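Structural overview for review
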Amino acid sequence: MPPNLPPSPTRSAVLGAYRRALRVAAALPSADARAYYAAHARQQWRGHADEAPGADGRVAALLARAEDAMAFVAAKYRA
C-alpha cells in the first residue's frame, strides 16, 4: 500500500459511522427533518454497499465525507 493513502476502515468502524448518522438524525428537533436525514443516511449507505475495502482509500474517503455531513447537519439544527 502506498504511504499516502489512509488504511481501509474496519467493518466495525463503518457500522459505527452508520449508527452515528442515524443517531444524529434521531436527535433532530423536527419530525420531518428526522425522517428525511434518516432516510438519506440509509440510502447513501445502501448505495455504497458494493464498495470494496481496498487500498485505494475510497471507503475511508466516503467515511470522512459522512462525518463532515453529520457535523454539518448537527450544526445546522443546533443554531
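Relevant structure appears above.
Residues numbered from 1 in each chain as written. Predicted model: local features only at pLDDT ≥ 70, side-chain atom pairs only at ≥ 80, totals over all residues. Heavy atoms only, no water.

**A short note on the overall build of the protein**
The criterion, for reference: Helix and strand labels come from DSSP, where a helix needs a run of H or I of at least four residues and a strand needs a run of E of at least two; each type is numbered from the N terminus. Burial here depends on accessible area, computed with a 1.4 Å probe over protein chains only, as a share of the maximum for the residue type. Under 20% is buried, over 50% is exposed, and the range in between is partly exposed. Here, two residues are considered to be in contact whenever any of their heavy atoms come within 4.5 Å of each other. For every accessible area listed, the method is Shrake-Rupley and the probe measures 1.4 Å; residues are considered covered only by the protein chains on display.
Counting its secondary structure elements, the protein contains three helices and zero strands. In the protein, buried positions account for 22% of the 79 residues. For the protein, long-range pairs separated by at least 24 residues make up 59% of all intrachain contacts whose partners lie at least 6 apart in sequence. Counting every atom, the protein has about 5500 Å² of accessible surface; 59% of that belongs to carbon and sulfur.

**Here's the deal with the nonpolar core**
As a reminder, the rule being used: Buried residues of nine kinds, namely Ala, Val, Leu, Ile, Met, Phe, Trp, Tyr and Cys, make up a nonpolar core once their side-chain atoms join them within 4.5 Å.
Listed in full, the six residues of the largest apolar core are A25, L28, A33, Y37, A38 and V73. If one sorts the elements of this core by residue count, helix α2 (residues 31–47) sits on top with three residues. Contact partners of L28, with chain neighbours within four places excluded, come to A33, R34, Y37, V73 and Y77.

**A few points about the pattern of salt bridges**
Spelled out, the test is: Every case where a carboxyl oxygen of Asp or Glu lies within 4 Å of a side-chain nitrogen of Lys or Arg is listed as a salt bridge.
Summed over the entire model, instances satisfying the criterion amount to two salt bridges. For R20, the salt bridge goes to E67, with nearest N and O atoms at 2.4 Å. With R20 in helix α1 (residues 11–26) and E67 in helix α3 (residues 58–78), the pair connects residues that are 47 residues apart, well separated along the chain. For R20, a relative accessible area of 34% translates into the label partly exposed. Using a relative accessible area of 32% as the deciding quantity, one classes E67 as partly exposed. The shortest N-O distance in the salt bridge between R58 and E51 comes to 3.6 Å. Classification of E51 by relative accessible area gives partly exposed; the value is 25%.

Such coordinate-based values are descriptive only and should not be taken to indicate function.
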